[in-house]
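# Structural overview for review
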Amino acid sequence: MSDQVAATPHLDALIIGAGFSGMYQLHCLRDRLGLSARVLEAADGVGGTWYWNRYPGARCDSESHSYSYYFSDELLEEWEWSERYPGQAEIMRYLNHVADKFDLKRDIQLGTRVSAARYDEAANLWHVETESGAGYSATYLITAVGCLSSANVPDIPGLDSFAGQWVHTGQWPHEGVDFTRKRVGQVGTGSTGIQAAPVIAETAGHLTVFQRTANYSVPARNAPLTEEFKRWCHEEHDEIRAVLQDTPNGHPFRIADRKVFDVSASERQEIYEKAWEKGGLQFRASFQDLLADKAANDTAAEFLKGKIREVIKDPETAAMLADIDHPYAAKRPPIDTGYFEAFNRDNVSLVDVRKNPIERITPKGIVTADGVEHELDVIVFATGFDAMTGALLKLGVTGRDGQSLADAWYAGPVTYLGLQSAGFPNMFTITGPGSPSVLCNMPVPIEQHVEWITDCIAHMRANGIARIEPEAEAADRWVAHVNEAANATLLPLAKHSWYLGANVPGKPRVFMPYAGGMKRYRDICDDIAAKGYEGFVLDGAAGDATAGDFAAADSADSPGI
Ligand code: N01
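This is a predicted model, so every value here is computed, not measured.

Each helix and strand in the protein was counted, giving 16 helices and 21 strands. The C-alpha radius of gyration of the protein comes to 23 Å, within 12% of the 24 Å expected for a compact globule of 561 residues. If you line up the protein on its principal axes, its C-alpha atoms span 70 × 55 × 50 Å. Classification of the 561 residues of the protein by burial places 59% in the buried group. Roughly 21300 Å² of accessible area belongs to the protein as shown, and the carbon and sulfur atoms make up 48% of that amount.

Helix length check: helix H9 (residues 294–311) (18 residues) gives 25 Å between terminal C-alpha atoms against 26 Å at 1.5 Å per residue, within 8%. Residues of H9 that are buried: Ala296, Asn297, Thr299, Ala300, Ala301, Phe303, Leu304, Lys305, Lys307 and Ile308. On its buried side, H9 packs onto strand E10 (218–219), helix H8 (265–278), helix H10 (315–322) and helix H11 (339–342). For H9, the N-terminal cap is Asp293; the gap from its side-chain oxygen to the backbone nitrogen of Ala295 is 2.9 Å.

So, about the sheet that holds strand E14 (residues 365–368). Within a beta sheet, neighbouring strands are joined by backbone hydrogen bonds and run either parallel or antiparallel to one another. Pairing within the open sheet is antiparallel, and its three strands lie in the order E13-E14-E15. The sheet terminates laterally at strand E13 (358–361) and strand E15 (373–375), the two strands that pair on one side only. Across the sheet, the mean angle separating the axes of adjacent strands is 25° when strand polarity is ignored. Pairing of E13 with E14 involves three bridges; the strand directions are antiparallel. When the bridges of E14 are listed, Ile358 appears paired with Thr368.

This model, assessed by the stated rule, comprises 35 aromatic pairs. Arranged with centres 5.8 Å apart and planes meeting at 65°, the rings of Tyr499 and Phe511 form a pair that is edge-to-face. Of this pair, Tyr499 sits in the loop between helix H15 (472–487) and helix H16 (518–530) while Phe511 sits in the loop between H15 and H16, and the two are 12 residues apart along the sequence. When its relative accessible area of 5% is taken as the criterion, Phe511 is described as buried. Members of the aromatic cluster, each reached through a chain of ring pairs, are Phe20, Tyr24, Trp50, Tyr67, Tyr69, Phe71, Trp79, Trp81, Tyr94 and Phe102. Across the ring face of Phe102, the terminal group of Lys101 is positioned such that the distance to the ring centre comes to 5.7 Å. Stacked on the ring of Phe287, the Lys or Arg Arg258 has its end atom at 5.1 Å from the ring centre.

When pLDDT is averaged along the protein, the result is 94; 95% of the residues meet or exceed 70. This stretch, residues 1–8, has a pLDDT under 50; its non-local contacts, to residues over four places away or in other chains, come to 19 contacts. Low pLDDT (under 50) marks residues 552–561, which in the prediction has 41 contacts with non-local residues, meaning those over four places away or in another chain.

This part is about helix H14 (residues 443–462). Given 3.6 residues to a turn, an α-helix orients residues that are three or four positions apart in the same direction. With 20 residues, H14 extends 28 Å from end C-alpha to end C-alpha; this agrees with the ideal 28 Å at 1.5 Å per step. Within H14, 14 of the 20 residues are buried, which leaves it mostly tucked inside the rest of the structure. Just downstream of H14, Gly464 is the residue with a positive phi angle, here 65°.

This part is about the nonpolar core. Ranked by size, the top nonpolar core spans 136 residues in total, and within it Met23, Tyr69, Ile142, Phe283 and Leu417 carry the most contacts. Top element by residues in this core is H14. It accounts for eight residues. Each residue touching Leu417, except ones within four places of it in the same chain, is listed here: Gly434, Ser435, His449, Trp478, Tyr521, Ile524, Cys525, Ile528 and Phe536. Judged by nonpolar contacts, the second largest core, of 21 residues, contains Leu11, Leu14, Leu392 and Val397.

This part takes up the site of the ligand. For the ligand, the set of nearby residues contains 25 residues, the closest of which are Asp61, Thr192, Arg212, Thr213 and Lys331. A distance of 2.9 Å is found between an oxygen atom of the ligand and a side-chain nitrogen or oxygen belonging to Arg212. If the ligand stood free it would expose 920 Å²; the protein chains cover 89% of that surface. Among the elements that take part in the shell around the ligand, helix H5 (residues 191–203) stands out by supplying three residues, more than any other. By residue class, the composition of the shell around the ligand is nine nonpolar, 10 polar and six charged.

In this fold, Ala529 is placed in helix H16. The partly exposed category is assigned to Ala529, whose relative accessible area is 22%. Spatially, the C-alpha atoms of Ala529 and Cys456 are 7.6 Å apart, while their sequence positions differ by 73 residues.

With respect to the secondary-structure elements, Thr192 resides in helix H5. Separated by 135 residues in the primary sequence, Thr192 and Gly57 have C-alpha atoms spaced 8.4 Å apart. Ignoring anything within four residues of it in the chain, the contact list for Thr192 reads Tyr55, Thr169 and Ala382.

What follows is about unusual backbone geometry. Backbone geometry places Ala329, a non-glycine residue, at a positive phi of 70°. Here Ala329 shows up in the loop between H10 and strand E11 (335–336). The phi dihedral of Thr431 is positive, around 55°, even though this residue is not glycine. In this structure, Thr431 sits in the loop between strand E18 (427–429) and H14. By relative accessible area, which is 4% here, Thr431 ends up buried.

At a minimum axis separation of 9 Å, H9 and H10 run at an interaxial angle of 155°. By the angle between their axes, H9 is roughly antiparallel relative to H10. In terms of crossing hand, the pair formed by H9 and H10 is right-handed. Contact residues: Lys305, Ile308 and Arg309 in H9; Ala318, Leu321 and Ala322 in H10. Grouping the constituent residues of the contact of H9 with H10 by class yields four nonpolar, no polar and two charged.

Cut-offs applied
One numbering rule holds for all chains: residues counted from 1, following each sequence as written. Reporting in this predicted model follows two pLDDT cut-offs: at least 70 for local features of residues, and 80 or more for side-chain atom pairs to be given and counted; totals over whole chains, interfaces and linings ignore these cut-offs and use all residues. By convention in this description, side-chain values take in all heavy atoms of the structure and omit both hydrogens and water. Numbering of helices and strands runs from the N terminus; a helix is a DSSP stretch of H or I covering at least four residues, while a strand is a stretch of E covering at least two. Only the C-alpha atoms count toward the radius of gyration. The rule for a globule is 2.2 Å times the residue count to the power 0.38. Exposure is judged per residue with a 1.4 Å probe applied to protein chains only, and the accessible area is read against the type maximum: over 50% gives exposed, under 20% gives buried, and values in between give partly exposed. To be clear on the numbers: accessible area is Shrake-Rupley with a 1.4 Å probe, and residue cover counts the displayed protein chains and nothing else. By this rule, a helix spans an expected 1.5 Å times one less than how many residues it contains. Any two residues whose heavy atoms approach within 4.5 Å at even a single point are treated as in contact. Residues adjacent in sequence count toward polar contacts only when both atoms are side-chain atoms; beyond that, a polar contact is any pair of N or O atoms within 3.5 Å, and within protein one must be able to donate a hydrogen and the other to accept it. Strand pairing requires that DSSP identify at least two bridges connecting the strands. The convention used is that axes are lines fitted to C-alpha atoms, helices contributing only their stretch in contact, and that angles between N-to-C directions extend from 0 to 180 degrees. Stacked, tilted and edge-to-face pairs are distinguished by plane angle, under 30 degrees for stacked and over 60 for edge-to-face with tilted covering the rest, among Phe, Tyr and Trp rings (Trp via its six-membered ring) whose centres lie within 6.5 Å. For a ring to carry a charge above it, either NZ of a lysine or CZ of an arginine must fall within 6 Å of the ring centroid while also lying within 35 degrees of the normal to the ring plane. Scored from 0 to 100, pLDDT records how confident the predictor is in each individual residue. The set of buried Ala, Val, Leu, Ile, Met, Phe, Trp, Tyr and Cys residues whose side-chain atoms join them within 4.5 Å is what this entry labels a nonpolar core. The cutoff for a nearby residue is simple: one of its non-hydrogen atoms must lie within 4 Å of the molecule or strand. Residue polarity follows a fixed list, in which Ala, Val, Leu, Ile, Met, Phe, Trp, Tyr, Cys and Pro are nonpolar, Asp, Glu, Lys and Arg are charged, and the others, Gly among them, are polar. Each angle gets one of four labels, with under 35 degrees taken as roughly parallel, over 145 as roughly antiparallel, 65 to 115 as roughly perpendicular, and the rest as oblique. Rotating anticlockwise by less than a right angle from the far helix to the near helix defines a left-handed crossing, while the corresponding clockwise rotation defines a right-handed one.

In structure tokens, the structure reads:
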């Protein structure tokens, strides 16, 4: 265990996780409210998802000037990103810089994995245990474990017998993996696989990509930032912050007002071409109805499939890559640097495991249903995560009356605003299920949650409120609203999406993130707080107002766009 901190029997607040969320939460509670607070972090360094995801090509899909904290002007002024999209190593330098600047490390206990958290009603305290047997108690428990931190390694028979090396992209070895002249198999073609494949192909002897669901991708067009752009970021950070906070998905670009069929087919083609040339997630913002109207979406889907066919030389491979079964951006849309081009290399091949599923792994490699044994030296699982709930449920949380979080969520997560669950007083979740989180540029929802939680705790302390938790009815109404918001978009049409939990066998199929837009969500949270924490029970007394119906989702505001 590094960076040891002397054990403290009781704290005001215990925070689990030292990524973007946990670090800012520590700063707010300790330095703004003056509470005793500590972060417990399983890794040996800060950084959260970026600590673990060191796979080749790991880079953020959000543009660097938006993938930053905006709470400190001084930080914004002193930090300078080098490229349009920040790479994993640069993000780690940034997060370490933040941790040092705000002197956070002295209250972050590394190498400490939480194994249980139990609410003690009589004492109104959370008792937290770690794998090493240490115990803590705290009044407030804040989980900052990230939405994509519980690696999903598929349960394929024979994996243990594999004679080569296998790795998951989300648990990448710090010493790296040498692919030189090796036969590499990559399972998975989500955002991660699409980033990793072209980089692995550069050194591998041969790369075989096992594709279950074909995916769209738009070129990232990463490049070094110009001095002029860097200057603009420093001078205009107030304006950039305003855009980030005003857009439905927290990105630094606005969604066009026009609808797909407002323009002629040739104008549309021109708009898509320009967006393609510009590159990045901004492609989604070309029209406001791309995620609301299937016919509108089809035009973008056809454009992108056409690009795949144009790039790929081998017609059979092109057909497999363009055989995409979901609307564009109904799954998290990847962006890439040379993904499709990689399939034109002699050392890269594609296997369709929708048609011929992986049956087993042998000491030599992967056997598919057609009986072919694909001989491999390394298997890379780019198979994603038990998203949004996996890491939370692994904490072993038990709330009031001995009810576990796993039992409370047996049919899918039930939260109020993604922030709290009924029966788990004083436990807050940053970017939990039911909040916009993964549908946004993450630092934006993270800062909003941290600040809302901080204000809530400040309110409790100022008013002698010992406990806060949602009314069960308010949480149920919120879940209904989350469904309503998702159903106003095309997002649920992607049947194999981790947004729905569909990538993990046996996981309840529930659309988890809030698709009503970050701006609307922020307004709802602020309104609820302004009304005396409507829908929450404060210190045993019901809040003075009952949560309203949150207004119908406006599809034009969908953050998936
Ligand atoms: O994971 P995924 P990811 N047999 O779940 C396949 C964020 N991210 O790590 O679609 C065969 O998207 C699975 O197939 P299917 C971003 O939010 C951010 O790529 O389930 N295949 C799919 O192709 C992203 O969405 C950045 O049919 C199997 C792939 O594995 C999220 O992380 C960069 C399989 C998993 O795709 C997750 O992305 C990268 C099996 N048994 C990622 N099991 C940033 O820029 C799964 N698959 C911040």
